[in-house]
Amino acid sequence: MRHNVKRLTTSVLVSLSMVAGLTACGNEGGGAGAGAGTTGTTQGNTATTTDGINLQYSVTEELNSLDPNTNYSATSMGMITNCYEGLMAYQADGTIGYGLASNVDISEDGCTYTFTIRDEAYWSNGDKVTSNDFYYSWRRLADPDMGCTYAYMLITAGVKNAMAVCYQGAPLDDLGISCPDDKTFVVELDAPRSYFNDLLAAGSYFMPVNQSYVESCGDQFALDKEHTIYCGPFQMSEWEVGGTTYLLSKNPNYYAADSVSVDSIRYTLLTDAQQKILAWESGKLDQVQLSGDFISMYASDPDLYKFGYPGLFFIAFNCEDEYFSNRNLRMAVSTAIDKSVIVDSILCDGSVAADYAIPADFAKDSKGVTFRENIGNPTYNTYDLAAASTYWEEAKKELGVDSISVEFLYNEDSQLASVAAYIQSELQKNLPGMSVTLRQTSYNQRLADMGNGDYQFGITRWYADYQDASTYLDMWIETSNLNYENWFNEEYNELYKKVVGELALDEEKRIQTQAKMEEIILSEAAICPLYQPVFTYLRNNNYEYVYTATGATITRFTKRK
């Protein structure tokens, strides 16, 4: 149901002027729920037409690249999964089926997958999609000279010799993949992986790359519209680098173009909550994420929708920093923040305070039991001012200081700005002698700064790529480019090798080993979990939406009711 835009825009403009002065929310916005989004900050919207479905989404960070192998941001990954396709793909009912592969033969031991590339698959420049496009892409992902953030996912997927090739100097030819002919792509695993097909469908880093096209573009590949081609449901028709809008249009060369019910998707860069609400009320967005007092404001709106997604917002500590290399300081910070205030008085959207690294209601085993249920739902480093004071005094002694000044990093987003300001206040109040300055930057710059170690501590986030605890735990292994904490623990790394190696088929021992990994990273306080998000949306109910098992929207299958 759409609003009477004229009437409601006036009332919302008045309400917006009042919201800035409110710090808590009413009962309507505080209930628990299952929340989510496709990439967390990506919201959908639709401009209704009579001749087709033209969606418009808002994003809070700029698109940096459409390179499947080197991408690292939520916006890039969301765009790539619309413009490319993997060997496997999500279907109209939300399940996983064949994508650019038309068939797969799996060996009896579950370790060798032989994919057949479908005859009707073409790139948008007219080239036929071949097995070499996957062979080249996966080798490119593994190549240490490329420095791909998600190279470690080859290890998580279980590709034979991935660890040796990616991080131990073994030649690329040792990677367990081959393409005996243009239609056949073979993957050898070191052990079966129950989530292997999930990775092939969801992981943008495993999608194909056209070698001849990349080589013709040089270092400009996928950095703008003129140097990108596509093999998925959509293609980029508008992309001004540094601009604020991106337009995807249906790809006529896509083999299943007739199954794509959406004609176009327009993304608009919006970082301010009030801007998004005004865009919704003026009919320019058909889906917008709500937080704080906006939730109670729209509590009775028929377009209100809550959606669950396994995610985690947390503080990353740079463990190579002169101060945060100290465990007691990290523990002091971790126990000095009342996370309930963040979820109940700032977010007000049903998000849950988290004292764990692996989200609740996530990663079910073969019996349907979630990870947290399996391990007894332990919690770590809960809010405790007495403990925080003890850790703080010990930290000062070990560091030889009476006070410290530190900088807290977060990316541009009105909601995160409120969370960061609250954390600053809590730490300065509860840890006397700690002075915290705030540094706000763009999302992409925040990722770059954390990746380069140019920060002390700050807010980051992670959303599950697949249904297994390893989608989180893999981030903090020694070889991961997502280990922004620069944290190293030998026992943790050895346990990881067991999880992806000898315990791959022993579900019970594997889960308990993952539980030990979670215990180690939190006992070391390399991170401070903040909250598990619940996303509350206003969503155009003139449309029917299709979701994956993890709660992501499969945009191409959106239909008008």
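The rules behind each value
- Residues numbered from 1 in each chain as written.
- Predicted model: local features only at pLDDT ≥ 70, side-chain atom pairs only at ≥ 80, totals over all residues.
- Heavy atoms only, no water.
- Pairing = 2+ DSSP bridges.
- Helix = DSSP H or I, 4+ residues; strand = E, 2+ residues; numbered from the N terminus.
- Axes fitted to C-alpha atoms, helices over the stretch in contact; angles between N-to-C directions.
- Contact = heavy atoms within 4.5 Å.
- Phe/Tyr/Trp six-rings, centres within 6.5 Å; stacked < 30°, edge-to-face > 60°.
- Buried < 20%, exposed > 50% of the residue type's maximum accessible area, 1.4 Å probe, protein only.
- Lys NZ or Arg CZ within 6 Å of the ring centre and 35° of its normal.
- Salt bridge = Lys/Arg side-chain N within 4 Å of Asp/Glu carboxyl O.
- Core = buried A, V, L, I, M, F, W, Y, C linked by side-chain atoms within 4.5 Å.

Please explain the pairing of strand 9 (residues 234-239) as it appears in this structure.
Pairing of strand 9 with strand 10 (residues 245-250), which is carried by five bridges, proceeds in the antiparallel orientation. Residue pairing for strand 10: F234 is matched across the bridge by K250. Where strand 9 folds back onto strand 10 in an antiparallel hairpin, the turn is made up of five residues, including G242, whose phi is positive at roughly 85°.

Help me understand unusual backbone geometry in this model?
Where the residue is not glycine, phi is negative for most of them; where a peptide bond is considered, it is trans in most cases. Backbone geometry places A363, a non-glycine residue, at a positive phi of 60°. With respect to the secondary-structure elements, A363 resides in the loop between strand 15 (352-353) and helix 12 (371-374). We note that N381 has phi near 50°; this positive angle belongs to a residue other than glycine. If you trace the backbone, N381 turns up in the loop between helix 12 and helix 13 (385-399).

Is there a simple way to explain the sheet that holds strand 8 (residues 184-188) in this structure?
Backbone hydrogen bonds hold the strands of a sheet together, and the pairing may be parallel or antiparallel. Overall, antiparallel pairing links the four strands, which are arranged 5-6-8-7 in an open sheet. In the strand order of this sheet, the two ends are held by strand 5 (101-106) and strand 7 (177-181), each with one partner. On average, each strand axis in the sheet is inclined to that of its neighbour by 20°, with strand direction left out of account. For strand 6 (residues 112-117) and strand 8, the ladder comprises five bridges, and the chain directions are antiparallel. In the sheet register, F115 faces strand 8, and the bridge partner there is F185. Packing of helix 3 (residues 131-142) onto the sheet brings it into contact with strand 6, strand 7 and strand 8, and relative to strand 7 it is tilted by some 160°.

Quick question: what am I supposed to make of the packing of aromatic side chains here?
Both the distance between ring centres and the angle between the ring planes are used here to describe each pair of aromatic rings. In this structure the tally under the stated criterion is 28 aromatic pairs. Their ring planes at 20° and their centres at 6.0 Å tell us that Y113 and F115 sit as a pair that is stacked. Like F115, Y113 is buried. With 5.3 Å between their ring centres and 35° between their planes, F317 and F324 make a pair best called tilted. Since its relative accessible area comes to 0%, F324 is described here as buried. Three or more aromatic residues joined by ring pairs make a cluster, and in this case those are F134, W138, Y150, Y152, F185, Y205, F206 and W462. A cation sits over an aromatic face here: R539 above Y305, 3.6 Å from the ring centre.

Any chance you could explain the environment of L409 here in plain terms?
Position of L409 among the secondary structure elements: in strand 16 (residues 404-411). Once the C-alpha coordinates of L409 and R193 are considered, the two residues, 216 residues apart in sequence, prove to be 37 Å apart. Once residues within four sequence positions are removed from consideration, L409 is found in contact with R439, T441, R446, D449, M450, Y455, F457, G458 and I459.

Whenever I open this one, the pattern of salt bridges confuses me. Can you help?
Charged atoms that come close allow side chains of opposite charge to pair. The full count for this structure, using the stated rule, is 22 salt bridges. Between R556 and E85 there is a salt bridge; the shortest N-O distance is 3.4 Å. Note that R556 is positioned in the loop between strand 21 (543-544) and strand 22 (559-560) and E85 in the loop between helix 2 (74-83) and strand 3 (88-90), a separation of 471 residues in sequence. In terms of burial, R556 and E85 fall into one category: buried. K160 serves as the salt-bridge partner of E188, at 3.9 Å between the closest nitrogen and oxygen. Here E188 is found in strand 8, whereas its partner K160 is found in the loop between helix 4 (153-156) and helix 5 (162-167), with 28 residues between them in sequence. On the basis of relative accessible area, K160 is assigned to the partly exposed category, the value being 35%. Taken together, the shared-partner salt bridges connect E407, R439 and D449 into one network.

Even after reading the chapter, I still don't get the sheet that holds strand 12 (residues 287-290), so can you show me in this structure?
Spatially, 12-20-13 is the arrangement adopted by the three strands of the open sheet, whose pairing is antiparallel. The open sheet terminates on both sides in strands that have one partner only, identified here as strand 12 and strand 13 (304-308). Along the sheet, successive strands turn relative to each other by an average axial angle of 35°, direction set aside. Note that strand 13 and strand 20 (residues 534-539) share five bridges and pair antiparallel. Looking at strand 20, one finds that G308 is bridged to V534. Relative to the sheet, helix 8 (residues 273-281) contacts strand 12 and strand 20, its axis offset from that of strand 12 by approximately 145°.

I keep staring at the nonpolar core and nothing clicks. Help me out?
In globular proteins that are soluble, nonpolar side chains generally tend to be buried together. Ranked by internal contacts, the top residues of the largest apolar core, which has 125 residues, are F115, W138, V159, V187, F206 and W476. Residue contacts for F206: discarding those within four places in its chain leaves F134, W138, L141, M153, L154, A157, L199 and L200. Counting 42 residues, the second largest nonpolar core, distinct from the first, contains F324, F408, I423 and A552.

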